[in-house]
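The residues making up each chain are set out below.
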Amino acid sequence: MARPSSGLTGEEQKQIRGLLNDIELRGGIFVFKDYHKSKLLDRLLGQRPQLYGLPHSQIKQTWQQRT
């Protein structure tokens, strides 16, 4: 069975590792447990708009689709 990241480029894998690192640095997913699932991703990605994009931007939509 192929790994989920096998179709990703090296840069995409690096970006995903960065997102996982950001989640861990903020205390893990448990910290965000009180957010409704539709707000959880906005809360996570909104912390670093320079990396994950501004609301309604193409890069933000790409991150939303990835997760």
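As shown above, the structure is provided for reference.
Residues numbered from 1 in each chain as written. Predicted model: local features only at pLDDT ≥ 70, side-chain atom pairs only at ≥ 80, totals over all residues. Heavy atoms only, no water.

Engineer: How do you make sense of the side chain of lysine 60 when you look at a structure like this?
Structural biologist: In this fold, lysine 60 is placed in helix H4 (residues 58-66). Once residues within four sequence positions are removed from consideration, lysine 60 is found in contact with Asp42, Leu45, Tyr52, Gly53, Leu54 and Pro55. (Helix = DSSP H or I, 4+ residues; strand = E, 2+ residues; numbered from the N terminus. Contact = heavy atoms within 4.5 Å.)

Engineer: What's the story with unusual backbone geometry in this structure? I'm lost.
Structural biologist: For histidine 56, which is not glycine, the phi torsion reads 70 degrees and is therefore positive. In this structure, histidine 56 sits in the loop between helix H3 (49-52) and H4. Classification of histidine 56 as exposed rests on a relative accessible area of 75%. (Buried < 20%, exposed > 50% of the residue type's maximum accessible area, 1.4 Å probe, protein only.)

Engineer: Is there a simple way to explain the pattern of salt bridges in this structure?
Structural biologist: It is possible for side chains bearing opposite charge to pair when their charged atoms get close. A complete count under the given rule lists two salt bridges for this structure. With a shortest N-O distance of 2.7 Å, arginine 48 and aspartate 22 are connected by a salt bridge. You can see arginine 48 sitting in the loop between helix H2 (37-46) and H3 and its partner aspartate 22 sitting in helix H1 (residues 10-25), a full 26 residues away along the chain. Classification of arginine 48 by relative accessible area gives partly exposed; the value is 26%. Among the ionic pairs, aspartate 42 bridges to lysine 60, the shortest N-O distance being 3.7 Å. A residue pair is termed long-range when its members are at least 10 positions apart, and aspartate 42 in helix H2 and lysine 60 in helix H4 qualify at 18 residues. (Salt bridge = Lys/Arg side-chain N within 4 Å of Asp/Glu carboxyl O.)

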